[in-house]
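# Summary of the model geometry
The residues making up each chain are set out below.
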Amino acid sequence: MKRWLLALVIFILILSIALIYGIIPKNIIVSSSLYIHANSSAVSRSLVNNNDWKKWWPSNGGNFSDSGFTHDQYTFKISEKFYHAVQVQIQTEGMSRESRINIFPVTKDSLYLFWKYEFQASLNPFSRFYEYRQAVNTKKEMDNILLSMKSFLVNKENVYGIKISQIMSKDSTLITTKFRTNDYPTTAEIYEAIYKLKDFAALNHARENNFPMKQTEKLKEGGYETMVAIPINKALANKGKFILKRYVPWKEMMGQVTGGDSTISRGSQHFKIFLQEYQYMQMTTPFESLVTDRSIEKDSSKWVTRFICPIP
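Quick summary incoming for the structure in this document. (Residues numbered from 1 in each chain as written. Predicted model: local features only at pLDDT ≥ 70, side-chain atom pairs only at ≥ 80, totals over all residues. Heavy atoms only, no water.)

All right, on to the pairing of strand 2 (residues 62-65) then. With 4 bridges joining them, strand 2 and strand 3 (residues 68-71) adopt antiparallel strand pairing. Within strand 3, the position partnered with Asn63 by the bridge is Thr70. (Pairing = 2+ DSSP bridges. Helix = DSSP H or I, 4+ residues; strand = E, 2+ residues; numbered from the N terminus.)

Below, the structure is given as structure tokens:
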């Protein structure tokens, strides 16, 4: 009886080992992928930026430090950066693997993220089974991290640092004026021009329809040229430096920030990057809509500025 029992145990052990070798391949591939509705250049820029990782890294069971980003019992660290890809070292107790996250663009606003690593499984059947179980658990970690990344990247405000939306323009009639300065125009210089426009509109019984607009360009010969405009409810005849401009109301991309000059400058740059990366055809140079009256509100941290660009 004991011999039969021993033979059965040996048979089960041999069968288990055979199953391990038969089911678990010699080359184990661990991968995770997902589709993201976002721009590939923007995602690539965020992927290689450690500071952005801190923004989307899972807070539940996760942390980050100079040694890398941890989640549960795993540590992840960017070891190398490429075009549209990063190499990530994955470490946990008794394991260290080099993996790679690749970005595969689909359209201008969609892509696939593909995270993968592979290794040769041990010849020892017990070690081989342990490595397989470890690979299964690591894939779950990779899935969770990619989902957390996706929730951050699909929000354009997270990626570009400004609120961005598409609107329909309402202003088709503008009264404008231009002036030049040696340095970037001050708030006082801008509002001096704006109030001249306001006076001209009031004198001609025109009603303001929206916030004042501003567009400043650096001149090749030096200095700056600034155009300010006020949307009004009717057409006025040109007079001196006051010029009427009209255009057909159409779609516009709009970004918005709250803050002073540095915030506005950074927001303007990010808005232009957004337009470029999403390949919008710009019907005119983007301009600023001065939502907050800076001549009244002296606290620049409260200034609300919109960046507007008409698109086809």
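Next up on the list: unusual backbone geometry. For His84, which is not glycine, the phi torsion reads 60 degrees and is therefore positive. Topologically, His84 is positioned in the loop between strand 4 (74-82) and strand 5 (85-92). The phi torsion at Gln279 lies on the positive side, around 55 degrees, for a residue other than glycine. One can find Gln279 in the loop between helix 7 (261-277) and strand 14 (287-290). We classify Gln279 as exposed; its relative accessible area is 58%. (Buried < 20%, exposed > 50% of the residue type's maximum accessible area, 1.4 Å probe, protein only.)

As a further point, take the nonpolar core. With 49 residues, the main nonpolar core has Leu113 and Trp115 as its most contacted residues. In terms of residues, this core owes the most to one element, helix 4 (residues 125-153), which gives 7 residues. If we ignore the near neighbours within four places in the chain, the residues touching Trp115 are Val30, Ser31, Ser32, Phe76, Val88, Ile90, Ser99, Arg100, Ile101, Met142, Ile145 and Leu146. Counting 16 residues, the second largest nonpolar core, distinct from the first, contains Phe179, Ala193, Ile230 and Ile232. (Core = buried A, V, L, I, M, F, W, Y, C linked by side-chain atoms within 4.5 Å. Contact = heavy atoms within 4.5 Å.)

Along the polypeptide, Thr226 turns up in strand 11 (residues 224-231). Thr226 sits in the buried class, given a relative accessible area of 0%. In terms of polar contacts, Thr226 uses its side chain to reach the side chain of Thr216, at 3.0 Å. For Thr226, the residues in contact, after removing those within four places along its chain, are Thr177, Lys178, Phe179, Pro185, Lys214, Gln215 and Thr216. (Polar contact = N/O pair within 3.5 Å; in protein donor to acceptor, adjacent residues only side chain to side chain.)

Let us look at the pattern of salt bridges. As enumerated under the stated definition, the model contains 9 salt bridges in all. In this structure, the salt-bridge partner of Arg180 is Glu221, at a minimum N-O distance of 3.5 Å. Here the residue Arg180 occupies a position in strand 9 (residues 173-181), and Glu221 occupies one in the loop between strand 10 (213-218) and strand 11, the gap between them amounting to 41 residues. Judged by relative accessible area, Arg180 falls into the exposed class, the value being 54%. The salt bridge partner of Arg180 is Glu225, with a shortest N-O separation of 3.3 Å. Separated by 45 residues along the polypeptide, Arg180 in strand 9 and Glu225 in strand 11 bring together distant segments of the chain. Glu225 sits in the partly exposed class, given a relative accessible area of 22%. One continuous salt-bridge network, built from bridges that share partners, spans Arg180, Glu221 and Glu225. (Salt bridge = Lys/Arg side-chain N within 4 Å of Asp/Glu carboxyl O.)

Overall, antiparallel pairing links the 8 strands, which are arranged 8-13-15-14-10-11-9-12 in an open sheet. Only two strands of the sheet have a single neighbouring strand rather than two, namely strand 8 (163-168) and strand 12 (243-246). This sheet shows a mean twist of 30 degrees between the axes of neighbouring strands, independent of strand direction. As paired elements, strand 8 and strand 13 (residues 251-258) share 6 bridges and run antiparallel to each other. Looking at strand 13, one finds that Gln166 is bridged to Met253. The sheet contacts of helix 6 (residues 187-203) involve strand 9, strand 10, strand 11 and strand 14, and relative to strand 9 the element is tilted by about 145 degrees. (Axes fitted to C-alpha atoms, helices over the stretch in contact; angles between N-to-C directions.)

Let's shift gears to a nonpolar patch on the surface. Side chains of Tyr35, Phe104, Val106 and Tyr112 sit close together on the surface and give an oily, nonpolar patch of about 390 Å² of accessible area. The topology assignment puts Phe104 in strand 6 (residues 95-107). By relative accessible area, which is 43% here, Phe104 ends up partly exposed. (Patch = residues over 30% accessible without salt bridge, like charges linked within 9 Å, V, L, I, M, F, W, Y side chains within 5 Å. Areas by Shrake-Rupley, 256 points an atom, 1.4 Å probe, with all protein chains shown as cover.)

To continue, consider the sheet that holds strand 3. In spatial order, the strands read 1-7-6-5-4-3-2; together these 7 strands make up an open sheet with antiparallel pairing. Each end of this open sheet is capped by a strand with a single partner; those strands are strand 1 (27-36) and strand 2. For this sheet the average axis-to-axis angle between neighbouring strands, irrespective of direction, equals 25 degrees. Summarising the sheet, strand 5 and strand 6 pair through 8 bridges and their orientation is antiparallel. Bridging across to strand 6, Gln89 finds its partner in Glu98. Across the face of the sheet, helix 2 (residues 40-47) comes into contact with strand 4, strand 5, strand 6 and strand 7 (110-120) while running at roughly 160 degrees to strand 6. Relative to the sheet, helix 4 contacts strand 1, strand 3, strand 4, strand 5, strand 6 and strand 7, its axis offset from that of strand 1 by approximately 15 degrees.

What follows deals with the packing of aromatic side chains. Tallying each qualifying case throughout the model produces 20 aromatic pairs. For the ring pair Tyr117 and Phe119, a centre distance of 6.1 Å and an interplane angle of 20 degrees mean the geometry is stacked. In this pair, the class of Tyr117 matches that of Phe119, namely buried. What links up through ring pairs into an aromatic cluster is the set Trp53, Trp56, Trp57, Phe69, Tyr74, Phe76 and Trp115. Its end group placed over the ring of Phe119, Arg97 keeps NZ or CZ at 3.7 Å from the ring centre. (Phe/Tyr/Trp six-rings, centres within 6.5 Å; stacked < 30°, edge-to-face > 60°. Lys NZ or Arg CZ within 6 Å of the ring centre and 35° of its normal.)

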